[in-house]
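Chain residues, written in single-letter form:
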Amino acid sequence: MKSLQTRIFLFFVLLLLFVQSIALWTLFEGNNAQEQQEINNRLNTAKTIFTEQFNSRRDYLAAFAETAAKDYGIKDVFEGDTRSLLVALNNHRQRIDADLAMAISAKGDITAQLKIARINNLKNKVQKGSELGQAFKHPEWLESQEQAHLYMLDGTLYQLSLSPLTVGSTTIGWLAFGFEINQELANHFLDITQLQVDFILNENNNWLLVASSNPQADINFAKSIVDGNTPDQYIAIGDLISEFDNQEFGLAMYGLRADIVEVLQEQWWQFLVLTLITLLLSLASAYLIAASITKPIKRLVQQAKIIAEGDYQQKISLKDSSELGQLADEFNVMQQAVLVREQEITHRANHDPLTELPNRNILIKTLNELIEARTSFQLFHLNLSRLKDVNETLGHDVGDWLIQRTAERLAKLTQFTLLTHTGGDEFVLLFVKQEKHSINELVKSINTALEAHCDYGGINLQLQVRIGISSFPEHSNVDKTLLQMADTALQNAKKDNNNFQCYDKSLDVNSVERLNLINDLKHAISDDQLELHYQPKLDLQTNIVTHAEALVRWYHPTLGMVPPDNFIHIAEQTGQINKLTRWVVTTALKQSATWRNNNIDINVAVNISAENLKEPDFYEFIIESINANHVPVNKVTLEVTESAVVDNPESATKLLQRFKDAGIKISIDDYGTGYSSLAQLKQLPVHELKIDKSFVQHLHEDEDDRIIVRSTIELAHNMGLSVVSEGIEDDFALRWLAEQGCELGQGYFISRPKPTDDFTTWMKKQNKNTVEQG
């Protein structure tokens, strides 16, 4: 007890025991109260779910019956031959997969009746109803304003909705559609609520068990629950719906009380185990804290003894311590003209507009070819020094002129295989090692080509560069990694004020961060670190937002917002892109359903990758997700890049055709940035192409871009495709694209991508403004 470390440790132990005792007492008392609260919440939630879905079926039937009654086609055949009426009625029934459909004449006779026959609770085929040609047994319903009814046919109960069929002000009959109330419905609610479900019906004081999820269901037991009498060993809730004339429809939802209590008891034991583990860890932490507090003191005491012994030589040291788009069918007549335009577009996509040198696309394509051929080469990444000073002092026109002079001089270096301008003040020279040239000789030839002064209006400007160098196969066998390595070497040369620097793995400061991202991405979805932002697409002819693109964002717990460019390719390379895409699709479709319930009716676009197109069940996943969220297929767009398709065109085309046949909209993204030919793309089953923002951002000042975009829009329209332009950043681009007949546009000038809540608020405001202006 004399030891300070022991005293501190005992203090922590007593404090922890006191806190844990209070926590255990609180948990014990809370567990007792939670049992009844859990039961009440579960029952009330189950009843609410049933009420909402049952009423939703009623409203859906009523709305559809009204809509069908307005169909001129069915009015034309209503008083005609029975076969035509049955065919028309069945067509409407199929639209909502109704189990019962009827047509009733103005005299009250059933002129058409179709029902779904079931064998072993499975839908079999459509049959004529047994009441066909008979008088409708509830004539009072025809004069009632109430649309929702319960209808018994051949021992089967249907949730039915009636709607009058009128011509002018004359009622010529009625249409009725219904959903069966059966075991399938009961099992549906069982799956959702985990409670057994009984449906009972009181018709003329005769209670019947209509359907149940419980094979041992008993009418008397269900009736007692509806009356509010529940045995102690059960938890139950009942409801009696008496809005159906002389009929009463009862619902009984129940389960064993022991099942609920057992779950709570399991939770209680889990709490105890967790408390014990927490206590042990806390005690260990307390001991370590006490030791860490006293360790420096002990070292000081030890040092004092050493000094007391006369040893002054030892010292103590205390250290306390983030594309070309799809072209469709008819093309033979204008093929030569199209090919010319393709060359123009391809040239612009693959060359820098300032220097007319090949750009990064050509560079990457060339590197891939060399890597596949196992040809050794070196990359020289050049950065023009002090260009920022020239721009700020003499203006950007002079800076652009200086870049052009640099390009002209570098182009004269014949020993290099390729010269590319990758943007701004950066160039990349490719040297294929077929001849013996040392790196020093090559660097000297570059400096010699640039050493003569440039005279601009009497001002002598000197061209100097910093150079980063990477080699294949010495450093890497991946094109983008080699570029990154050369850039890493360049940044190091600039930092150390060297003329050039060869890549060395010790220079790569991003490898640890990249490794962390790879590991953390595995948990991003399960830990709810991802969210979707939505960027609107404006109908350029009506100025109404009709589409939105879902864009994923990663909010890392320590690194903050990680740009998509930093993790999408990681997901593709590590096999996580399929899981990521499925999360995006599921989340976007759920949000689309929510918007539709709030009168926000827009088409939602999601991006899919080449890896998704290789998944064997990707088509089924998309269709099931759309159906599960009740989103119309024509309100979903799948955006796929040109490169994702041309990697495996045969299988990709088949899959995209299936999506198109299902009614889903297909869009080719980043039009104009790929390398495939029109011959490869024209067979793809798509609806629209999306012009890459690199052709749109400078429309105001670049005549070449305007020519390319105008030609692209005309080409797409000739092929029956619609066009989306991204990258609209000013009013000129918006108005000019509208004049050219471009259908949709998106970009920062319209709106930046917004989080879900902000986008919803923004859309409501847009809809309100549209209504007021209308």
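A. Just the overall build of the protein chain, in detail. Across its full length, the protein chain carries 23 helices and 27 strands. Here the protein chain has roughly 40300 Å² of accessible surface; of this, 50% comes from carbon and sulfur atoms.

B. Looking closely at helix α16 (residues 577–597). For α16, which comprises 21 residues, the first-to-last C-alpha distance of 30 Å matches the rise-based estimate of 30 Å (1.5 Å per residue) to within 8%. Taken residue by residue, α16 has I577, L580, T581, W583, V584, V585, A588, L589, Q591, S592, A593 and W595 as its buried positions.

C. Geometry of the packing of helix α17 (residues 618–628) against helix α19 (residues 649–661). Following both chains from N to C, one finds α17 and α19 inclined at 20°, their axes separated by 10 Å at the closest point. Taken together, the axes of α17 and α19 are roughly parallel relative to one another. Read as a crossing pair, α17 and α19 show a hand that is right-handed. On α19, the residues touching F618, Y619, E620 and I622 of α17 are L655, R658 and F659.

D. Main features of a nonpolar patch on the surface. On the surface, F11, L15, F18, V19 and I22 cluster together to form a nonpolar patch covering roughly 500 Å² of accessible area. Judged by relative accessible area, which is 53%, F18 ranks as exposed.

E. How the structure looks around empty space enclosed by the protein. Of the voids in this model, the largest cavity is the one considered here, and its volume is about 50 Å³. In terms of lining, the largest cavity is formed by L521, K522, I525, Q576, K579 and L580. Grouping the amino acids of the lining of the largest cavity by side-chain chemistry returns three nonpolar, one polar and two charged.

F. Quick peek at the sheet that holds strand β16 (residues 465–472). As summarised here, the arrangement of the five strands in space is β12-β13-β11-β16-β17, forming an open sheet in which the pairing is mixed. Two strands bound the open sheet, and with one partner strand each, they are β12 (418–423) and β17 (500–502). Ignoring which end each strand starts from, the neighbouring axes of this sheet average 20° apart. In this fold helix α9 (residues 360–372) packs onto β11 (377–384), β12, β13 (426–432) and β16, with an angle of close to 135° to the strand it touches most, β12.

G. Layout of the nonpolar core. Counting residues in each nonpolar core, the largest one holds 81 residues, and the members touching the most others are V640, F659, I664, I691 and L737. With nine residues, α16 is the largest single contributor of residues to this core. Look past the residues within four positions of I691 in its chain and what remains in contact with it is Y671, V696, V709, T712, I713, V723, V724, S725 and E726. With 28 residues, the next largest nonpolar core counts L387, L402, L419 and C454 among its residues.

H. Broad picture of the packing of aromatic side chains. Here the structure, examined in full by the defined rule, presents 24 aromatic pairs. A centroid spacing of 5.7 Å and a plane angle of 10° characterise the contact between F136 and Y151, whose relative ring orientation is stacked. With F136 in the loop between β3 (122–128) and α4 (139–143) and Y151 in strand β4 (residues 148–153), this residue pair connects regions lying 15 residues apart in the sequence. Judged by relative accessible area, F136 falls into the buried class, the value being 4%. One aromatic cluster is present, formed by F50, F54, F189, F199 and F249 through successive ring pairs. A cation over an aromatic ring shows up here: K75 above the ring of Y72, its NZ or CZ 5.2 Å from the ring centre. Above the face of the Y619 ring, R658 is positioned so that its terminal group lies 3.9 Å from the ring centre.

I. How the structure looks around the pairing of strand β24 (residues 688–691). Along β24, one buried face is formed by E688 and K690 and the opposite face, lined by L689 and I691, is buried too. Two elements, strand β23 (residues 665–671) and β24, share three bridges in a ladder whose sense is parallel. In the strand pairing of β24, S667 is matched with E688. Where β24 and strand β25 (residues 722–726) come together, four bridges link them in parallel fashion. Residue pairing for β25: E688 is matched across the bridge by S722. Between β24 and its parallel partner β25, the chain crosses via helix α21 (residues 703–718), and the hand of that crossover is right-handed.

J. Molecular detail of the layout of surface pockets. Looking at the second largest pocket, its volume works out to about 1300 Å³. Looking at the second largest pocket, it is lined by 28 residues, and the ones nearest its centre are Q53, S56, R57, Y60 and H630. Elements supplying a minimum of two residues to the lining of the second largest pocket: α1 (4–69), α3 (82–96), β6 (170–180), α5 (183–193) and α16. No other element matches α1, which puts seven residues into the lining of the second largest pocket. Here the residues of the lining of the second largest pocket sort into ten nonpolar, eight polar and ten charged.

K. Examining the confidence of the model for the protein chain more closely. Looking at the protein chain, pLDDT values average 83 and 84% of them are 70 or higher. Mean pLDDT values for the elements of the protein chain range from 55 in helix α20 (residues 678–681) up to 96 in strand β26 (residues 744–746). pLDDT under 50 marks residues 322–335. Its contacts with residues more than four places away, or in other chains, come to 55 contacts.

L. Representation of the environment of I49 in the model. For I49, the position within the fold is in helix α1. With residues near it in sequence (within four places) discarded, I49 still touches F189, I192 and T193.

M. Layout of α17. Where α17 is concerned, the buried positions are F618, Y619, F621, I622, I623, S625 and I626. Residues of α17 that are buried in the fold lie against α16, β21 (603–608), β22 (636–641) and α19. H630 lies just past α17 and shows a positive phi near 55°.

N. Up close: the packing of α21 against helix α22 (residues 731–739). Contact pair α21 / α22: the axes reach a minimum separation of 11 Å and the direction vectors enclose 35°. In this structure, α21 crosses over α22, and the sense of that crossing is right-handed. Here α21 contributes R706, V709, R710 and I713 to the contact with α22, which in turn contributes F732, W736 and L737. Of the residues that constitute the contact of α21 with α22, the class distribution is five nonpolar, no polar and two charged.

O. Spotlight on the pairing of strand β5 (residues 156–167). Extensive coverage of β5 is indicated by the burial of nine of its twelve residues. As defined by bridge partners, β4 adjoins β5 across six bridges and the pair is classed as antiparallel. What sits directly across from A148, in β5, is S161. Linking two consecutive strands that pair antiparallel, namely β4 and β5, is a turn of two residues; a positive phi of about 50° is found at D154 within it. In terms of strand pairing, β5 meets β6 through ten bridges, oriented antiparallel.

Conventions we followed
- Residues numbered from 1 in each chain as written.
- Predicted model: local features only at pLDDT ≥ 70, side-chain atom pairs only at ≥ 80, totals over all residues.
- Heavy atoms only, no water.
- Helix = DSSP H or I, 4+ residues; strand = E, 2+ residues; numbered from the N terminus.
- Areas by Shrake-Rupley, 256 points an atom, 1.4 Å probe, with all protein chains shown as cover.
- Expected span 1.5 Å × (residues − 1).
- Buried < 20%, exposed > 50% of the residue type's maximum accessible area, 1.4 Å probe, protein only.
- Axes fitted to C-alpha atoms, helices over the stretch in contact; angles between N-to-C directions.
- Parallel < 35°, antiparallel > 145°, perpendicular 65-115°, else oblique.
- Left-handed = near helix turned anticlockwise from the far one by under 90°.
- Contact = heavy atoms within 4.5 Å.
- Patch = residues over 30% accessible without salt bridge, like charges linked within 9 Å, V, L, I, M, F, W, Y side chains within 5 Å.
- Salt bridge = Lys/Arg side-chain N within 4 Å of Asp/Glu carboxyl O.
- 1 Å grid on protein atoms, 1.4 Å probe; cavity = no way out; pocket = protein on both sides within 12 Å on 5 of 7 lines; lining within 4 Å.
- Points joined across faces, edges and corners; volume = space filled by probe spheres on them.
- Nonpolar A, V, L, I, M, F, W, Y, C, P; charged D, E, K, R; others polar.
- Pairing = 2+ DSSP bridges.
- Core = buried A, V, L, I, M, F, W, Y, C linked by side-chain atoms within 4.5 Å.
- Phe/Tyr/Trp six-rings, centres within 6.5 Å; stacked < 30°, edge-to-face > 60°.
- Lys NZ or Arg CZ within 6 Å of the ring centre and 35° of its normal.
- Right-handed = clockwise from strand over helix to strand, strands pointing away.
- pLDDT = per-residue confidence, 0-100.

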